[in-house]
Amino acid sequence: MILRDAEACVKDQAGKFPVVSITGPRQSGKTTLAKNAFPSYEYVSFENPDVRSLFNDDPRGFLGRHAGKVIFDEAQRVPELFSYLQETVDSGNEPGRFVVTGSQNFLLSKAVGQSLAGRVALFTLLPLSCSELFDAELMPVDAAAWVWRGGYPRIYDSKLEPSEFFPGYIETYLQRDVREELGVRSLTAFKRFLQLCALRCGEQLNVTALASDCGVDVKTARGWLSVLEASHIVYLLQPFFSNRGKRLVKRPKLYFLDTGLACSLIGLEAVEDVRDSEYFGHLFEAAVVSEVLKSFYARGRVPQLSFWRDAGGREVDLVVERGLRAVRALEVKSGITYRSKHFAALVDIAQHELGLDPTECAVVYGGNVEADTSRGRAAPYWKVSQLLAF
């Protein structure tokens, strides 16, 4: 069993809120986390059609039969649940009364926002982070292997090759989440769209070009991007907002939250394919961005991330913000050798555009040596979480 960094925070918040919600992509470990964190709770899965029927026939009677502390799994399948939970919560307001999990952030967030605002602690659980893999002694041998394998727990628990896991995962995602729950009808076109997004991982998003390449209109492409975001498949990193009159780019960058999935969609079938691929730099960057997100989510924090890029092409890959102020600037390089020149543009932009000094700058790279320099820290990819100011 692989312990999750979020477990301590989930338990802590269950002592303060009557409901804890855990969302994330399918098979990211939500159910395992909930059961491990709350082993004495009754477990009820709405994946079972008979259970869904029992709830739909008599919601109040159903909740009456589950009167103790309960984990409700795959709760997005019965969005009406949250209105009835509100009645139960308001009548007692007992901390940690319910834990609800689900794989569709949009459906759960909408239901929670309408019924349980102020009564629920929200968590997002992505696939395994570097720290979790290290603690379990399962960390891949190098950056290319890390990018290729991704972080889905079943790959590590069951000792599966990515080529054994991802094709089935993709088909399950298309059939269960996209068709049944989000109503996308043309699965062939959507799968093509998913593959085209993987090819653009780490690039600025041009929705018009993406729609044209896929043979759909822009409105459809935007809707499908929303589906991918709601499913925790992709993440759109927004450009840094500046009020200094600078000509900064306005389009977000598109990242896959699990690079193993992106590699599979691109057709990189072995770690050697990843090392030699023209896409490796962008995939490595996506993995680092995902690692930063995992660090925030494990602490129950809402990440405020952006990238800085002006019209001349000068860029900082990742800016960590707090409020409206930048607090960290990270440059990402996939090479295994640290080079001091990587700090040149980073430090200049950080100092003159973001108001940061060298102690708040870092180059994250594909090697293993950590070093503090006069211009910032050189950090291995597996130590990303240590760079964040929590």
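Quick note: structure is the one above.
Note that this is a predicted model, so its numbers are computed, not measured.

### A look at the overall build of the protein
Regarding its fold elements, the protein presents 17 helices and 13 strands. Relative to the 2.2 N^0.38 estimate, which gives 21 Å for 390 residues, the radius of gyration of the protein is 21 Å and therefore close to what a compact globule would have. The proportion of buried residues among the 390 residues of the protein is 55%. Looking at the protein alone, contacts between residues at least 24 apart form 68% of all its contacts between residues at least 6 apart. For the protein, the exposed surface amounts to about 17000 Å²; the carbon and sulfur share of it is 47%. Positive and negative side-chain charges of the protein, numbering 46 and 48 respectively, have mean locations separated by a distance of 4 Å.

### Section: helix α2 (residues 30-37)
Buried within α2 we find Lys 30, Leu 33, Ala 34 and Ala 37. For α2, the angular spread of the buried residues around the axis is 95°, confining them to a single face. Buried residues in α2 make contact with α1 (7-14), β1 (19-23), β3 (70-73) and β4 (98-102).

### Remarks on the layout of surface pockets
Of the voids in this model, the second largest pocket is the one considered here, and its volume is about 320 Å³. Considering the residues around the second largest pocket, the lining is formed by 15 residues, among which Gln 27, Ser 28, Gly 29, Lys 30 and Thr 32 are closest to the centre. Split by residue class, the lining of the second largest pocket holds three nonpolar, five polar and seven charged.

### Side note on unusual backbone geometry
If a residue is not glycine, its phi is most likely negative; likewise, a peptide bond is most likely trans. Unusually for a residue other than glycine, Glu 74 sits at a positive phi of about 55°. For Glu 74, a relative accessible area of 9% corresponds to the buried category. The phi dihedral of Glu 137 is positive, around 60°, even though this residue is not glycine. When you line up the elements, Glu 137 lands in the loop between α7 (130-135) and α8 (143-149). Overall, the relative accessible area of 72% leaves Glu 137 in the exposed class.

Criteria and thresholds
- Residues numbered from 1 in each chain as written.
- Predicted model: local features only at pLDDT ≥ 70, side-chain atom pairs only at ≥ 80, totals over all residues.
- Heavy atoms only, no water.
- Helix = DSSP H or I, 4+ residues; strand = E, 2+ residues; numbered from the N terminus.
- Rg over C-alpha atoms; globule rule 2.2 N^0.38 Å.
- Buried < 20%, exposed > 50% of the residue type's maximum accessible area, 1.4 Å probe, protein only.
- Contact = heavy atoms within 4.5 Å.
- Areas by Shrake-Rupley, 256 points an atom, 1.4 Å probe, with all protein chains shown as cover.
- Lys, Arg positive; Asp, Glu negative; His and termini not counted.
- Charge placed at Lys NZ, Arg CZ, Asp CG, Glu CD.
- Arc of directions from axis to C-beta.
- 1 Å grid on protein atoms, 1.4 Å probe; cavity = no way out; pocket = protein on both sides within 12 Å on 5 of 7 lines; lining within 4 Å.
- Points joined across faces, edges and corners; volume = space filled by probe spheres on them.
- Nonpolar A, V, L, I, M, F, W, Y, C, P; charged D, E, K, R; others polar.

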